[in-house]
Amino acid sequence: MSKLEFKNVSFAYSNGFKAVDNLNLTINSGEKIAIIGQNGAGKSTCAKLMNGLLRPNEGQILLDDKDTSDMTTAQISRKVGYVFQNPNDQIFNSTVYDEVAFSLRAMKVEENELDKRVRKACEVCDLSSYLDDHPYDLPYSTRKFVTIAITIANDCDIYIFDEPTAGQDSYSMKCLKNVIDYLHEKNKTIITITHDMEFVVNNFDRVIVMQNKEIIKDADKSEVFDDKKTLEKSYIKAPIIKRLCNSIDVKENLLSVEDFVAYIEKFGV
Ligand SMILES: Nc1ncnc2c1ncn2[C@@H]1O[C@H](COP(=O)(O)OP(=O)(O)O)[C@@H](O)[C@H]1O
Ligand SMILES: [Mg+2]
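Conventions and cut-offs
Residues numbered from 1 in each chain as written. Chains lettered and ligands numbered in written order. Predicted model: local features only at pLDDT ≥ 70, side-chain atom pairs only at ≥ 80, totals over all residues. Pairing = 2+ DSSP bridges. Helix = DSSP H or I, 4+ residues; strand = E, 2+ residues; numbered from the N terminus. Axes fitted to C-alpha atoms, helices over the stretch in contact; angles between N-to-C directions. Buried ≥ 20, exposed ≤ 12 C-beta atoms within 10 Å, placed from the backbone. Core = buried A, V, L, I, M, F, W, Y, C linked by C-beta atoms within 7 Å. Domains from an automatic or database assignment. Contact = placed C-beta atoms within 7 Å. Near = placed C-beta within 6 Å. Nonpolar A, V, L, I, M, F, W, Y, C, P; charged D, E, K, R; others polar. Parallel < 35°, antiparallel > 145°, perpendicular 65-115°, else oblique. Left-handed = near helix turned anticlockwise from the far one by under 90°.

Before going further, it helps to spend a moment on the sheet that holds strand E3 (residues 32–36). If you walk across this open sheet you meet the 6 strands as E6-E7-E8-E3-E9-E10, and the pairing is mixed. This sheet does not close on itself; its edge strands, each paired only once, are strand E6 (80–83) and strand E10 (214–220). Strand-to-strand twist of the sheet, defined as the mean angle between neighbouring strand axes without regard to direction, takes the value 15°. Sheet topology places E6 next to strand E7 (residues 158–162); 4 bridges connect them, and they run parallel. Looking at E7, one finds that Tyr82 is bridged to Ile160.

The following block contains the structure:
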């Protein structure tokens, strides 16, 4: 299990554009965290810094108290798996099986163990019937699960899912929930970047709000969605149930449909 820490982390792209500025955060094992904020706020940059695809220009990133500047990207990404926003940026093998097995083969994982891990990861991601298919013959939403299965087969400690609900139907949303529950049961850390506030309230506990290169709020979801100023500043719409309660003047801080149903059952309409 891994702990990840950002200490005064800033990063600028090679054209000189500073995308994140002075980020500080600590992520402990087993946490379920959503990073939210406007397009361009720096969320994906922050995720790529977490798994070593990008390296800070200033500050330090520590993985299990070790400075990651002394580690290779391969070493970091073995523990911190990043699932890209667009699966097409990641996939290059000609079958689902080979794609999920690729990095295990590179790590020279023994064949029996490799087979077991690939099949289990594909089962968790509901891909067992597509093992011999070409990933590009699968619909986009299923292809996204191929990239999720890669991180599960690698047995990462920290999983970062970048916009996983984009383009997903209700069946895939259920599969995604199963994946998150499976990883959480194993005390893995799950981080998502998302614009989908219902997905946040139904699956995550801690919410980090980014706005214009910075973290402007980092708290439990109930506190974040009750903070009108932060939501306004970052152009975030509160979850539907929260908005409904505001409009009918329910003072209780309810976020999900389950919260709302429990409230109605207790206090009536
Ligand atoms: N490769 C790049 N080169 C230069 N600027 C980039 C690059 N990638 C992203 N940016 C810029 O960095 C800022 C943050 O991008 P990003 O981290 O992708 O934001 P988010 O994920 O919150 O939408 C944006 O203004 C974006 O245009
Ligand atoms: Mg992004």
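Next comes the rest of the write-up.
Below, the discussion takes up helix H11 (residues 257–267). The periodicity of an α-helix, 3.6 residues per turn, causes residues three or four positions apart to be oriented the same way. Taking burial as the measure, the 11 residues of H11 include 0 buried ones, a minor fraction of the element. The positive-phi residue at the C-terminal boundary of H11 is Gly268, with phi of around 80°.

Here we come to the nonpolar core. Counting 71 residues, the largest nonpolar core has Ile35, Val100, Ala121, Cys125, Ala149 and Ile160 as the members making the most contacts within it. Looking at this core element by element, the count peaks at 7 residues for helix H5 (residues 140–153). Residue assignment places this core across two domains, with domain 1 (4–238) and domain 2 (239–269) each supplying three or more. Apart from the residues within four sequence positions on either side, Ala149 is in contact with Val100, Ala121, Cys122, Cys125 and Leu127.

For the rest of this paragraph, the subject is the site of ligand 1. In the neighbourhood of ligand 1, the contacting residues comprise Tyr13, Asn15, Phe17, Ala19, Gly37, Asn39, Gly40, Ala41, Gly42, Lys43, Ser44 and Thr45. The element contributing the most residues to the shell around ligand 1 is helix H1 (residues 43–50), with 3 residues. Considered class by class, the residues forming the shell around ligand 1 number 4 nonpolar, 7 polar and 1 charged.

Orientation of helix H4 (residues 111–124) relative to H5, taken along the N-to-C sense of each, is 135°, at an axis distance of 8 Å. Taken as axis vectors, H4 and H5 run oblique relative to one another. When the axes of H4 and H5 are compared, the crossing they make is right-handed. Contact residues: Arg117, Val118, Ala121, Cys122 and Val124 in H4; Ala149, Ile152 and Ala153 in H5. Considering only residue class, the contact of H4 with H5 consists of 7 nonpolar, no polar and 1 charged.

As summarised here, the arrangement of the 4 strands in space is E2-E1-E4-E5, forming an open sheet in which the pairing is antiparallel. On the outer flanks of this sheet lie strand E2 (18–27) and strand E5 (66–67), each paired with one strand and no other.

Let's shift gears to the domain arrangement of the chain. By the assigned domains, the chain splits into domain 1 (4–238) and domain 2 (239–269). The interface is formed by 9 residues belonging to domain 1 together with 7 residues belonging to domain 2. Those elements that place two or more of their residues in the side of domain 1 that touches domain 2 are helix H7 (197–203) and helix H8 (221–224). Considering every element that reaches the side of domain 1 that touches domain 2, the biggest residue donor is H7, with 4 residues. Here the side of domain 1 that touches domain 2 is composed, by residue class, of 4 nonpolar, 2 polar and 3 charged.

Two numbers describe how helix H3 (residues 96–106) lies on H5: the axes approach to 9 Å, and their chain directions differ by 35°. H5 is crossed by H3, and the crossing has right-handed handedness. Counted together, Val96, Glu99, Val100, Ser103 and Leu104 of H3 and Val146, Ala149, Ile150 and Ala153 of H5 form the full contact between these two elements. A class-by-class count of the residues in the contact of H3 with H5 yields 7 nonpolar, 1 polar and 1 charged.

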